[in-house]
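In case you want the letters, here they are:
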Amino acid sequence: MQFTIEVNNRKINAEKGETIQSALNRNGILIPTLCRMRDFTPTGACRMCVVEVEGRDRLVTACSQPVEEWMKIKTHSPRVIKARKTIVELLLSNHPDDCLYCDRNLNCELQKLSEELNITERRIKGRKVKMRLDQSSPAIVRELSKCILCGRCVRVCEELVTATTLDFLNRGRRTHIGTAMDRDFNFSSCINCGQCVLVCPTGALHEKHNISEVLEYLSKNDVTRVIQYAPAVPYALAESLGVRYSKEFDRVLNSVLRKMGFDLVFNSGFATDIYIDELARSLLERRDAGTVAPVYLSACPAWVKYAEQHMPGLLGDITPLKSAQQIAGSLIKTHIAEKRNIRPEKLFSVSVTPCIAMKFEARRDGMTRKGVSDIDAVLTVMELSRLVRLFGIDITNVGEEAADVPMDMRSSSALLADVSGGYTEAVCRSLNHIIGGKELDRSVFRKVRSGSGFREVTLSVQGREFSFAVVDGLTSLSRLNALLSSGRKFDMVEVMVCPGGCVNGGGLSFSSTREMIRNRSKFIYQTEEAEAVAIASKSPALLSFYEKTEGFDSKGSEYRSLILTHYNRRDVLL
Ligand code: SF4
Ligand code: SF4
Ligand code: FES
């Protein structure tokens, strides 16, 4: 039901049941918020969104208060502005004064509010409390003294990620955000997804940077500097630098990375093709062996850690295939190093990815050989974007170059791997190709491309049926488990922790809106459709690699030792 309310002496339309904030926003009036997150029930914790309602003594929070027909609202009266200003001034009163050195400098919601509310001096002086700087996690840094207790991270971790790692601890002035028993992150149940980093309005939570060590190695002459980048990185980098993406951008990125000083540049999509091809073949083997349980993907390192902590009984059904990053990393430090006559310890190997959890994955047990790590440093897209600016590279004017062989090309299936449901589609294509089915029409996959958090598709090839499930965000695991308990059979289950897939990864832009995430997926599908090689198992780079490299065909034992890993039950504080 629609009705009219009065806002700032003008009439606007409102809908029964919506909040004051929603009615205002629809009518082009913006009010500041801090604790509010779209799609989450409002808590009214920060009171930044207060407005004046005629007849009410106290200011009301627009994000949580439903609109009512009789309301006359003032959104920017002197009283309202003073209240908002005081809230920000109080937050700033004990906030560290190190904006210039903060991870979120120029991208901080508190800084922005302070500027918008015209706060130009420190009116309220509070005692600066030195709180813990937790650098124990390989992926995320916590700076508790920058926390403004908005609670966004707690809610995202509990309601969206379901890891329930963070909570409010203590009371009154001693209240802070912490993990179980207030221990450091590395002891906690955190799965390193980085979704809390994306919603934190200040620099209280941020990714662990590897920029300094990369810079150090870029200036060394006695090492070979190698870099690989995930298929979605060129697009995400263009987005973060505000540059228009074109299909040549992969080649532009190769040129940019060489200008920074990298000696060898690889497209990790080559390894994604290995992953897809191997997985498709293993599905056939499992079917022939009469295995009933589905195989679970291992491509999302946050999911693998979640399973190790919460579902250890499932570990035998997670494919032992390493992720594409780690497959490429082990090939670089063995086969490629040997071919180029470089000692593995003299090779510095960097990976660029949209995912923060890959920083953790590179440090996992089983990702080293004789004490040498397969990957030495993992950069997120945001870190790469900083490096491009640091090196003063004009990305619009660098020319185009090919990546280095053998990892110079990928199929379009590898690009799909960065969206939720993409691995499923890619494995179906390879499976269909291996069995000898007719070319698949992309419309078969309409249902796995979008929809709810749980999606499924059945593929019929040569009289054989294969069923696939897509779990897009861990909240949909319960739906999968309910179906499995009712006797439903799946051959493969794809699980991605970040809703939407890696296009919503923790290593991407902080201010990603739902629309930006949707656009990234849309763009990936459009780009993919225009590319020539759609099936991972038919990638010319992969076929040539298998053909030219003795012992490295898909059955060679040397090769298998490089691409497989293991998982262990993980005891953490829950
Ligand atoms: S990284 Fe993910 S799991 Fe860890 S605290 Fe943040 S939201 Fe929770
Ligand atoms: S860590 Fe960030 S998101 Fe979490 S409560 Fe503090 S300021 Fe808010
Ligand atoms: S945004 Fe409304 S109370 Fe925080």
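Think of each chain on its own: its residues are numbered from 1, step by step along the sequence as written. Chains and ligands are labelled by the order in which they are written, letters from A for the one and numbers from 1 for the other. Under the rules for a predicted model, residues below a pLDDT of 70 receive no local features and side-chain atom pairs below 80 are neither given nor counted, while totals for whole chains, interfaces and linings still include all residues. Side-chain measures here rest on the full set of heavy atoms in the structure, leaving out hydrogens and waters.

Observations regarding the sheet that holds strand E20 (residues 492-496)
Then step 1. One requirement defines pairing of two strands: DSSP has to find at least two bridges between them. In DSSP terms, a helix is any run of H or I states spanning at least four residues, a strand is any run of E spanning at least two, and both are numbered starting from the N terminus. Taking strand neighbours across the sheet as the criterion, the four strands line up as E13-E20-E19-E18 in an open arrangement whose pairing is mixed. The open sheet is flanked by strand E13 (295-296) and strand E18 (454-461), the only strands paired with a single partner.
Then step 2. Across two bridges, the pairing between E13 and E20 is parallel. Bridged to Val 295 within E20 is Met 492.
Then step 3. Sitting on the sheet, helix H9 (residues 269-288) is in contact with E13, strand E19 (464-472) and E20, with an inclination near 125° to E19.
Then step 4. On the sheet, helix H15 (residues 422-435) packs against E18, E19 and E20 and is oriented at approximately 165° with respect to E19. Any pair of residues with heavy atoms lying within 4.5 Å of one another is described as a contacting pair. Fitted lines through C-alpha atoms serve as axes, helices being fitted only where they are in contact, and the angles separating the N-to-C directions of these axes extend from 0 to 180 degrees.

A few points about the site of ligand 1
Then step 1. We define proximity as follows: a residue is near a molecule or strand when any one of its heavy atoms falls within 4 Å of that partner. Neighbouring ligand 1 are 13 residues, the closest being Cys 157, Cys 190, Cys 193, Gly 194 and Cys 196.
Then step 2. Under this grouping Gly is polar, as are all residues other than the nonpolar Ala, Val, Leu, Ile, Met, Phe, Trp, Tyr, Cys and Pro and the charged Asp, Glu, Lys and Arg. The class makeup of the residues in the shell around ligand 1 is ten nonpolar, three polar and no charged.

Quick look at the domain arrangement of the protein chain
Then step 1. Residue ranges labeled as domains rest on an automatic or database domain assignment. Domain assignment breaks the protein chain into domain 1 (2-76), domain 2 (120-207) and domain 3 (212-563).
Then step 2. A separation of 29 Å is found between the C-alpha centroids of domain 1 and domain 2.
Then step 3. With ten residues of domain 1 at the interface, the matching set in domain 2 holds nine residues.
Then step 4. Note on definitions: buried area is the accessible-area loss of two parts on being combined, 1.4 Å probe, summed for both. Together, the buried faces of domain 1 and domain 2 total about 730 Å²; carbon and sulfur atoms form 65% of this surface.
Then step 5. When the area that domain 1 buries against domain 2 is broken down by residue, the three leading residues are Leu 34, Met 37 and Phe 40, summing to 67%.

Here's the deal with the site of ligand 2
Then step 1. Taken together, 13 residues lie around ligand 2, and Cys 147, Cys 150, Gly 151, Cys 153 and Cys 200 are the ones closest in.
Then step 2. Residue composition of the shell around ligand 2, by class: ten nonpolar, two polar and one charged.

Quick look at the sheet that holds strand E4 (residues 60-61)
Then step 1. Taken together, five strands build an open sheet; the order of strands is E2-E1-E5-E3-E4 and the sheet is mixed. Strands with a single pairing partner mark the edges of an open sheet, and in this sheet they are strand E2 (10-15) and E4.
Then step 2. Examined bridge by bridge, strand E3 (residues 50-53) and E4 share two bridges and lie antiparallel to one another. Note on E4: the bridge partner recorded for Val 51 is Val 60.
Then step 3. Helix-sheet contacts for helix H2 (residues 78-93) involve E3 and strand E5 (72-74), and the interaxial angle to E3 is about 155°.

Structural notes on helix H3 (residues 109-116)
Then step 1. Type-normalised accessible area, obtained with a 1.4 Å probe on protein chains alone, sets the label of each residue: buried when under 20%, exposed when over 50%, and partly exposed for intermediate values. Turning to H3, its buried residues number three or more, namely Leu 110, Leu 113 and Ser 114. The buried residues of H3 all sit within an arc of 100° when viewed along its axis, so they share a single face. Exposed residues lying more than 90 degrees from the buried face of H3 are Lys 112 and Glu 115.
Then step 2. Those residues of H3 that are buried lie in contact with H2.
Then step 3. Once H3 ends, the next one or two residues include Asn 118, with phi positive near 60°. In this description, the arc belongs to the directions extending from the helix axis to the C-beta atoms.

Topic: unusual backbone geometry
Excluding glycine, a negative phi dihedral is what most residues carry, and trans is how most peptide bonds are arranged.
Then step 1. Following Val 405, the chain continues to Pro 406 via a peptide bond in cis, the omega torsion being 5°.
Then step 2. The residue Pro 406 is located in the loop between helix H13 (381-390) and helix H14 (412-416) in this model.
Then step 3. Phi angles above zero are rare outside glycine, and Leu 149 is one such case at about 60°.
Then step 4. Summarising the element assignment, Leu 149 is placed in the loop between strand E7 (140-143) and helix H4 (152-161).
Then step 5. What makes Leu 149 partly exposed here is its relative accessible area of 33%.

As for the pairing of E20
Then step 1. With respect to burial, E20 is a largely interior element, five of its five residues being buried.
Then step 2. Across the two faces of E20 the burial is the same, with Met 492, Glu 494 and Met 496 and Val 493 and Val 495 all buried.
Then step 3. As defined by bridge partners, E19 adjoins E20 across five bridges and the pair is classed as parallel. Opposite Ala 469, over in E20, you have Val 493 as the bridge partner.
Then step 4. What joins E19 to E20 is helix H17 (residues 477-485), and the crossover it makes is right-handed. If you view a crossover with the strands going away from you and the path from the first strand over the helix to the second runs clockwise, you call it right-handed.

Concerning the environment of Arg 570
Then step 1. Here Arg 570 shows up in the segment after helix H20 (557-563).
Then step 2. Exposure remark for Arg 570: the relative accessible area of 26% places this residue in the partly exposed category.
Then step 3. Sequence spacing of Arg 570 and Val 503 is 67 residues, and the spatial spacing of their C-alpha atoms is 28 Å.
Then step 4. Once you skip the residues sitting within four places of it in the chain, Arg 570 turns out to touch Lys 305, Glu 308, Gln 309, Phe 360 and Arg 364.

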